[in-house]
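What follows is the residue order along each chain.
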Amino acid sequence: MTYWSDSSALQTSQRFLRLLLVKCLNVIGVSQNFIFSFLVDHEPGISMSQRESKIYPTTDKTGSIMPVPCSSCDKKPAVLRRPKTGHSLCKECFFWAFEEEVHQTIISAELFQKGETVGIGASGGKDSTVLAHVLKVLNERYDYGLNLMLLSVDEGISGYRDDSLETVKRNQQQYDLPLKIVSYEELYGWTMDQIVKKVGLKNNCTFCGVFRRQALDRGAMMLKVDKVCTGHNADDVAETVLMNFLRGDIARLRRCTSIITGSEGAIPRCKPLKYAYEKEIVLYAYFKKLDYFSTECVYSPNAYRGYARAFLKDLESIRTSAIMDVIHSGENLSVKEDVKMPTQGTCTRCGYISSQQLCKACALLEGLNRGLPKLGIGKQYKLHNRLLKKDPLTEEQRKKLGAVTF
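Honestly, the overall build of the protein chain in this entry has me stumped. Any pointers?
Each helix and strand in the protein chain was counted, giving 17 helices and twelve strands. Scored against the burial criterion, the 406 residues of the protein chain give a buried share of 46%. Counting contacts in the protein chain only where the partners sit at least 6 residues apart, residues at least 24 apart contribute 67% of the total. For the protein chain, the exposed area adds up to about 21600 Å²; of that, 52% sits on carbon and sulfur atoms.

Structure representation (C-alpha cells):
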C-alpha cells in the first residue's frame, strides 16, 4: 500500500480524480443539470494543471477548498463556468449576463416595436419557459411596451404533451400571462397518437413538424398577435443548418439562420434565444428554479434531427465554438444567382403560404383521410392536381402510398 508523504501531491491527485469523475459522469449520461452546476467544459489549448486550476477551486494551507471568485463582480464565489465564454460567474452575474445578451439580440435585430402583441410559443420545456421568463423580465426592465401572451399546441401525445401542458398552465399563473391552447384534433381531426398508428415511427416527425408550424400560425391568428416568439436556441439553429446542408435543401438553408421568418405572408416569427447556448439555458432554468418539463417526446428517438445533434455535440467536444461557427457559416452563405428557388404562393385549398398548389399540411391531411398516409411524404407534387380535383388514384399508386405495415 502506498502512503502519501507529500500533501501537495495528494491534493493534485484529488483534483485530478475530481476532474476524471465529472468527465465519466458526463460520458455515461448523468443529469446535465447536476454536471453543469459542477462546472463542465474545458478550454482548448491549455495544460492539465491549468485546466484543473480553472475548473476546481484551489486549496489553502490547511487543505480547505478556496472558492473561485466571480470574474465579473469579484465579490461573490463563482457557482458555474459559462460554456459559451469560459467565465466563472456567481448566480447574479450569470443571470444578468444571460439576460443582457438576449436584450442585445432583441435590440440589434429590432425584433419588436412598442405596443405590439407578442405570442410566446410555450411547450413547457426549458427553452420556452426560459424565453417566457426572460421576455417578461426584459419587458419590464427596459419598457419594451409589449403585450405578452402564451400560445401552446396540443399534438395529442399521451403521457407527454398532456403532462407538459400542465407545466404551461402553471407558467401561466406564475408569469400572469394569458394562455391559448390549440390542438391537432381541433384543427385537423387527428391526434399524433392516431397518426403514428397509421404511419409508424419513421416519418411521424414530418407530420408533427408541418402540423405544428401551421397550428402555431392559426393560434396566433386567433389571438390576433403581431409576432410569434419561439424558443429556438443556438444549438437548434446549428442543427438545422447541418440538416438542410445534408439534405441539399438550398431554399431552407438560406433562411434557416434568419432571426425573423414568415414576414412574406404569415405572422412573423422571431428567435430571441438564437445565440443562447442550450447548456446555458439549462443553467439559467436550474439556478432560477424555473418550473419546466424535461421529458423527451416518446416519438422522437428516431428523428433525423437527433443524428445532427449528436454530430454537433461531437464537434463541440473538440472545438467549443463549433455551434457559433456553424451558425455564422449559414448566415454568410451565398447562392449563385442562376440557382432556381421555389416561388412563394398560397395553398389553393386552405390559403396558407406554399410553393405548391397544395401546402404540405393539406397534402399530409389528404393522405391520412384517404387512408394513404405516405401521400404527403416526399415529393408527390405530380399528384396534387388529382387531389384538388378529388380524382381517384390508380391501384399502383394506392399500393405505393398505402398504410405502413408493422
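Explanation requested: helix α5 (residues 126–141) in the structure shown.
Since the α-helix advances by 3.6 residues per turn, residues separated by three or four positions end up pointing in the same direction. Taking 1.5 Å as the rise per residue, α5 with 16 residues should run 22 Å; its terminal C-alpha atoms sit 22 Å apart, in good agreement. Burial within α5 is extensive, with twelve of its 16 residues counted as buried. Burial in α5 covers these residues: K126, D127, S128, T129, V130, L131, A132, H133, V134, L135, L138 and N139. Of the residues one or two after α5, D143 is the one with positive phi, at around 50°.

Quick question: what am I supposed to make of unusual backbone geometry here?
What you tend to see is this: most non-glycine residues have negative phi, and most peptide bonds are trans. The backbone of D74 sits at a positive phi, close to 60°, despite the residue not being glycine. Note on placement: D74 falls in the loop between β2 (65–66) and β3 (80–81).

I keep staring at the confidence of the model for the protein chain and nothing clicks. Help me out?
Low-pLDDT portions of the prediction should not be read for the details of their coordinates. Per-residue confidence for the protein chain gives a mean pLDDT of 81, with 76% of residues at or over 70. In this model residues 1–7 is a low-confidence stretch, pLDDT under 50, and it forms three contacts with partners more than four residues away in sequence or in other chains. Note on residues 28–57: pLDDT is under 50 here. Beyond four places in sequence and across chains, it has 61 contacts.

Please explain the packing of aromatic side chains as it appears in this structure.
Any pair of aromatic rings gets described here by the distance separating the centres and the angle formed by the planes. Tallied over the full model, the rule gives 13 aromatic pairs. With 6.5 Å between their ring centres and 20° between their planes, Y142 and Y144 make a pair best called stacked. Residue Y144 is classed as buried on the basis of its relative accessible area of 10%. Three or more aromatic residues link up through ring pairs in this structure, and these residues are F94, F95, F98 and Y284. Over the ring of F95 we find K288; its NZ or CZ atom is 4.4 Å from the centre of that ring.

In this structure, what is going on with the sheet that holds strand β5 (residues 117–121)? I would like to understand it.
The strands making up a sheet associate through hydrogen bonds between their backbones, and the pairing can be parallel or antiparallel. Strand order in the open sheet formed by six strands is β7-β6-β5-β8-β10-β9, with mixed pairing between adjacent strands. Each edge of the open sheet is held by one strand with a lone partner, namely β7 (179–183) and β9 (260–261). Strand direction decides the pairing type here: β9 and strand β10 (residues 269–270), joined by two bridges, are antiparallel. When the bridges of β10 are listed, I260 appears paired with C270. Each of β6 (147–154) and β7 is contacted by helix α6 (residues 161–175), which is oriented at about 165° to β6, the strand it contacts most.

Hey, could you run me through the nonpolar core in this one?
General note: in soluble globular proteins, nonpolar side chains tend to be found buried as a group. Core analysis: the biggest nonpolar cluster contains 42 residues, and F94, F98, I106, F112, V130, L135 and Y284 have the highest contact counts within it. With seven residues, helix α4 (residues 91–109) is the largest single contributor of residues to this core. Formed by 37 residues, the second largest nonpolar core is a distinct cluster that contains Y184, Y188, F211 and I267.

Got a minute to help me understand a nonpolar patch on the surface in this structure?
A cluster of nonpolar side chains, namely F245, L246, Y304 and Y307, defines an oily patch on the protein surface of about 490 Å² accessible area. Structurally, the position occupied by Y304 is in helix α13 (residues 304–318). On the accessibility criterion, Y304 (35% relative accessible area) is partly exposed.

How should I be thinking about α13 in this particular structure?
Taking 1.5 Å of rise per residue, the 15 residues of α13 would be expected to cover 21 Å, and the 22 Å separating its terminal C-alpha atoms lies within 8% of that figure. For α13, the complete set of buried residues consists of A308, L312 and E316. Relative to the axis of α13, the buried residues are bounded by an arc of 80° and lie together on one face. Facing away from the buried side of α13 by more than 90 degrees, the exposed set consists of Y307, S317 and I318. Looking at the buried positions of α13, the neighbouring elements they touch are α10 (234–247), α12 (278–288) and α14 (322–331).

Conventions we followed
- Residues numbered from 1 in each chain as written.
- Predicted model: local features only at pLDDT ≥ 70, side-chain atom pairs only at ≥ 80, totals over all residues.
- Heavy atoms only, no water.
- Helix = DSSP H or I, 4+ residues; strand = E, 2+ residues; numbered from the N terminus.
- Buried < 20%, exposed > 50% of the residue type's maximum accessible area, 1.4 Å probe, protein only.
- Contact = heavy atoms within 4.5 Å.
- Areas by Shrake-Rupley, 256 points an atom, 1.4 Å probe, with all protein chains shown as cover.
- Expected span 1.5 Å × (residues − 1).
- pLDDT = per-residue confidence, 0-100.
- Phe/Tyr/Trp six-rings, centres within 6.5 Å; stacked < 30°, edge-to-face > 60°.
- Lys NZ or Arg CZ within 6 Å of the ring centre and 35° of its normal.
- Pairing = 2+ DSSP bridges.
- Axes fitted to C-alpha atoms, helices over the stretch in contact; angles between N-to-C directions.
- Core = buried A, V, L, I, M, F, W, Y, C linked by side-chain atoms within 4.5 Å.
- Patch = residues over 30% accessible without salt bridge, like charges linked within 9 Å, V, L, I, M, F, W, Y side chains within 5 Å.
- Salt bridge = Lys/Arg side-chain N within 4 Å of Asp/Glu carboxyl O.
- Arc of directions from axis to C-beta.

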